[in-house]
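Here's the letter readout for the chains.
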Amino acid sequence: MNEIKELQETNIEKFKDYPLDSSIKRALSELGFKQPLEVQAKVIPMILEGKDLIVKSQTGSGKTAAFAISLCQKIDVELESPQVLVLSPTRELTEQVKQDIYDIGKYKGLKCCALYGKQPMEQQRKELKQNTPHVIVATPGRMMDHILNKNVKLHDIKYLVIDEADEMLIMGFKEQLEAIIKKIPKDRVTLLFSATIPDEVHFLSQEYLRNPENIEIEPQVSNLEKIEQIYYAVDGLKKVDFIKKVIEREHPRKAIMFCNTQEQVTNLFEIFRKWGNFTCAVHGGMDQQMRTEKLTAFKRGEYKMLIATDVAARGLHVQGITHVINYGVPFEHEQYVHRIGRTGRVDQHGIAITMVIPSEMARFHDLETFLGYKIPCKGGHVDRRPKVDSTQKKGRERYKAGNRGQKALVQFNAGRSNSSLKTSDFLAAIRHVNGICNENIGKVDIRESVTNVEIFDGKEDIVIKALKTKKIKGKLYRVKRG
Ligand code: AMP
């Protein structure tokens, strides 16, 4: 305990000075991890102290090692029973986290297993029985299957890690997550990691964490600073030819091209395969073995470009990605941040290129509003600004000219004196209401005891109705016409 306090107070900067077993230090040294990254410096002492944590940090910040190092330290290898459960959204991430934990805990004799779907249950059941792992890393669906089949001992679980919580909720794992949490001992430490903290993640943490400490790492700033973001406005019909030209010009050493659908991945892969044999593809519909093979080959450098859907590439650690190309504008704004975070990792720079066709332009501008900055247009020989269709044009012109439809005020009984809500909290809550887009929202005016938000185009009743029953940052507020 004293050692831990000292660690926080004296701001020690090297792992060799951390209160960790020598076997862990040896592993870290082999991995080339000398100094803790920011998330590790903040998180490790707290986990060692036994605190519940909500950590807002992105992939690429070093968060996996942050919990892996601490939990490897905490595990009692003599106790032949699972002590740590890590829940993560995808099979790839599950494998990745298992590998990271293994790499850090191997000299301590730590055993770790990964459980995910599309692999035989029986094989996993045998592994659980014969190998008795200290750490289980699992996707929620498969974990639940093993719990229901009584394949796994849960009574010694002392640490639960909910990794990429926002993504798990987007993927619809909420019920399974809750069901699993109810099955493991209450007397445990819970660590929640998430790149974004939308309301749903906030509720989850309120429900299942005990007096958690909130840790916020600002990787968006530091990571994004290392990523040059550009977009090309491109005609839909010329997109493939255009992208080939961009690739020829950019000459990426290692790139991931993200598509919004599996079909796009398949089609593009066919086209690129004819162009040269430097591309591989993965998507959620592919056989697991094939996915793993392709990802491993890509990591080893056998291919220069990976074409993938978000699910398949989520949380992937591949060193040295020089370019991320968004073949289409992602549907979720957060997804853009996740995608481009594949490059610019740790100490490298990267380029993120987004192809925007006319029908995606409005979504792209919404994304810029969400990010809070403009992404420069790097038009080559294509139109710098594409023609927008007439409905989008009407919307944007009205928006720019400040000439939106009728304005109304929606008032919340939350102001400076009685809440800690910020402008972004109101905007996030209203943006999530079905039928509302950024252009319907105007100024947010936070006053002493109330906040007024301008709502345009007659959408105020929709906002009022939705937010009467929807909490903002965990709390319900009275909402009415202002
Ligand atoms: P993550 O945020 O878990 O996706 O990790 C991002 C990358 O950072 C991984 O490739 C790790 O191998 C690497 N990494 C984690 N901790 C350190 C460290 N202390 N020093 C150098 N690299 C690190």
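Residues numbered from 1 in each chain as written. Predicted model: local features only at pLDDT ≥ 70, side-chain atom pairs only at ≥ 80, totals over all residues. Heavy atoms only, no water.

(A) Inspection of the packing of aromatic side chains at higher detail. Summed over all chains, the structure comprises 7 aromatic pairs. Aromatic side chains F67 and F193 sit 5.2 Å apart centroid to centroid with 55 degrees between the ring planes, which places their arrangement in the tilted category. Of this pair, F67 sits in helix α4 (residues 63-74) while F193 sits in strand β6 (residues 189-194); the two residues are 126 residues apart in sequence, bridging distant segments of the chain. Ring centres 5.6 Å apart and planes at 70 degrees place the aromatic pair F272 and W275 in the edge-to-face group. Here W275 and F272 lie together in helix α13 (residues 262-275), a separation of 3 residues that amounts to about one turn. These aromatic residues form a ring-pair network of at least three members: F272, W275 and F278. Across from the ring centre of Y327, 4.0 Å away, lies the NZ or CZ of K239, which sits over that ring. The positively charged end of K471 is found above the aromatic ring belonging to F203, 5.6 Å away from the centroid. (Phe/Tyr/Trp six-rings, centres within 6.5 Å; stacked < 30°, edge-to-face > 60°. Helix = DSSP H or I, 4+ residues; strand = E, 2+ residues; numbered from the N terminus. Lys NZ or Arg CZ within 6 Å of the ring centre and 35° of its normal.)

(B) Molecular detail of the pattern of salt bridges. Scanning the model with the defined rule gives 26 salt bridges in all. Here E30 and K106 are joined by a salt bridge, their closest N and O atoms 3.8 Å apart. One end of the pair, E30, is in helix α2 (residues 22-31); the other, K106, is in the loop between α5 (91-105) and β3 (112-115), and 76 residues separate them in sequence. Between R416 and E448 there is a salt bridge whose closest N-O contact spans 3.7 Å. (Salt bridge = Lys/Arg side-chain N within 4 Å of Asp/Glu carboxyl O.)

(C) Fine view of the pairing of strand β5 (residues 159-162). Burial of the side chains of β5 extends over both faces: Y159 and V161 are buried on one face and L160 and I162 on the other. Bridge count for strand β2 (residues 84-87) against β5 is 4 bridges, and the pairing is parallel. Bridge pairing in β5 places L85 opposite L160. Here β5 runs beside β6; their pairing, made up of 4 bridges, is parallel. Its bridge partner lying in β6, I162 is registered against L192. (Buried < 20%, exposed > 50% of the residue type's maximum accessible area, 1.4 Å probe, protein only. Pairing = 2+ DSSP bridges.)

(D) Representation of unusual backbone geometry within the structure. Here the phi dihedral of E164 falls at roughly 50 degrees; this positive angle occurs in a residue that is not glycine. By the element assignment, E164 lies in the loop between β5 and α8 (165-170). Phi at K473 takes a positive value of approximately 50 degrees, unusual for a residue other than glycine. Relative to the helices and strands, K473 is located in the loop between α20 (460-468) and β17 (479-481). Relative accessible area serves as the criterion here: at 40%, K473 is assigned to the partly exposed category.

(E) Summary view of the sheet that holds β17. Within the open sheet, the 4 strands sit side by side as β15-β16-β14-β17. Their pairing is antiparallel. Two strands bound the open sheet, and with one partner strand each, they are β15 (441-446) and β17. The mean angle between the axes of side-by-side strands here comes to 25 degrees, regardless of whether they run parallel or antiparallel. Taken together, the 3 bridges between strand β14 (residues 407-412) and β17 define a ladder with antiparallel strand orientation. Paired with Q411 across the strands is K480, a residue of β17. Sitting on the sheet, helix α19 (residues 423-431) touches β14, β15 and β16 (451-456), and the angle it makes with β15 is about 140 degrees. Along the sheet face, α20 touches β14, β16 and β17 and points at about 160 degrees away from the line of β17. (Axes fitted to C-alpha atoms, helices over the stretch in contact; angles between N-to-C directions. Contact = heavy atoms within 4.5 Å.)

(F) Just the site of the ligand, in detail. Around the ligand sit 16 residues, and of these Q40, G60, G62, T64 and H317 come closest. The separation between a nitrogen atom of the ligand and a polar main-chain atom of Q35 is 2.9 Å. Between K63 and the ligand, the recorded distance is 3.2 Å, taken from a backbone N or O atom to an oxygen atom. Tallied by class, the residues present in the shell around the ligand amount to 4 nonpolar, 10 polar and 2 charged. Each of domain 1 (2-216) and domain 2 (223-399) accounts for three or more of the residues forming the shell around the ligand. (Near = heavy atom within 4 Å. Polar contact = N/O pair within 3.5 Å; in protein donor to acceptor, adjacent residues only side chain to side chain. Nonpolar A, V, L, I, M, F, W, Y, C, P; charged D, E, K, R; others polar. Domains from an automatic or database assignment.)

(G) Looking closely at the confidence of the model for the protein. This prediction gives the protein a mean pLDDT of 85; 88% of its residues lie at or above 70. In the predicted structure, residues 380-403 sits below a pLDDT of 50 and forms 33 contacts with residues beyond four places in sequence or in another chain. (pLDDT = per-residue confidence, 0-100.)

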